[in-house]
Amino acid sequence: MIFWLRLFLLGLIAIVFLLGYVLSAIALWFHMPEISRTYIVLGIVAIGLFLTGTATVSKSHCVRLFGLAVIPLISTLYWWTGISPSNDRNWVPELAETLKAKQSGSIVVLKNVRNFTWRSETDFDAAWEDWTVDLEELESIDAALSHWGLHKIAHVLVSFGFTDGQHVVFSVEIRREEFEAFSELGGLFKQYELSLIAASEEDILYLRTNARTPKEDVYLYPIKVDAKARQELFLSYLRLANKLSEKPLWYNTITANCTTMIYRLVRGFSPDQHFDIRFLLPGGLPEYFAENDLLLWEPTVEDYRQKAAISAKAQAIQPGQSYSQIIRKE
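A brief look at the structure comes next. As the structure is a computational prediction, the values presented were derived from the model and not from experiment. (Residues numbered from 1 in each chain as written. Predicted model: local features only at pLDDT ≥ 70, side-chain atom pairs only at ≥ 80, totals over all residues. Heavy atoms only, no water.)

A separate point is the overall build of the chain. The secondary structure content of the chain amounts to 10 helices and 10 strands. If one aligns the C-alpha atoms of the chain with their principal axes, the spans along those axes are about 80 × 45 × 40 Å. Burial analysis of the chain (330 residues in total) assigns 47% to the buried set. The long-range share in the chain, meaning contacts at least 24 apart out of those at least 6 apart in sequence, stands at 65%. For the chain, the accessible area works out to roughly 17,800 Å², and carbon and sulfur atoms hold 60% of it. A distance of 9 Å separates the average location of the 31 positive side-chain charges in the chain from that of its 38 negative side-chain charges. (Helix = DSSP H or I, 4+ residues; strand = E, 2+ residues; numbered from the N terminus. Buried < 20%, exposed > 50% of the residue type's maximum accessible area, 1.4 Å probe, protein only. Contact = heavy atoms within 4.5 Å. Areas by Shrake-Rupley, 256 points an atom, 1.4 Å probe, with all protein chains shown as cover. Lys, Arg positive; Asp, Glu negative; His and termini not counted. Charge placed at Lys NZ, Arg CZ, Asp CG, Glu CD.)

Okay, the side chain of T98 next. Relative to the assigned elements, T98 resides in the loop between α3 (62-81) and β1 (100-104). Apart from the residues within four sequence positions on either side, T98 is in contact with K111, N112, R175 and S245.

Attention now goes to the side chain of R208. With respect to the helices, strands and loops of the structure, R208 is situated in helix α4 (residues 201-211). Using a relative accessible area of 4% as the deciding quantity, one classes R208 as buried. Sequence-distant contacts of R208, that is, excluding residues within four places in its chain, are made with S146, H155, L157, E173, K215, E216 and V218.

Here is the structure:
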């Protein structure tokens, strides 16, 4: 009995150590210079396997070997906690500026609103602008879901509409550096800072429906909320923008992404809002909207996905036409 108990405990400890070494290796892989990271990762994995494996078969030196095995893990953990996010890096042009906001009564000045003219994903005219909006004239919210592959995966953007026809779209994204490409796994290991973009629909939605290759399938859902909730959500985005401009945060593929951040913002003024798995798998958000009576459409609308589709409309737009008006045409 004692033998089996000892074997079970050693096996459990070994699994914990091996898991620690795997996580350490992944973290080092994403943060070490490319020229040396392979050797560093292989080295730490080899040390971990040797010490952990030897400790499980050595009765006399078991404790000592496990003690040695924990040293690289503690060293890696110490290094990991010292990695801090920054606003000062060589960012890609479309993420180069940081959104800031200043409010005076109902008047809000947004600094660094993106209003690029896109011909393709790499061919564009950059424009960062200062916009002034009046919260008293905020009249609508639309949730835009952009799909590029799996049905359950989507990027979520929120568009705020004003009585003068102006729309401000907020998008929580990774803030990439010039040499970086997106990685879901890297998003779990402090690979990217968190970015909040405010942009025109002609910029941030057009980029997805018309300019990217391949083009994305974008759906626009008008959300039914009262004026107070609209203003509170808008203001929560402003607070996040100012917070990020002063103290950057890490993006996280699971806990701090485009939908979980929206959930946190909503919880800030509506604490009774319950979490739903579709905040992690946002491709299912249309059903969530319908089940919770959040769509502005009549209940008789059955195929709300088809009604929400805007990509074909956007791709048929003619010069001189209003993008925001065209994508909302029946």
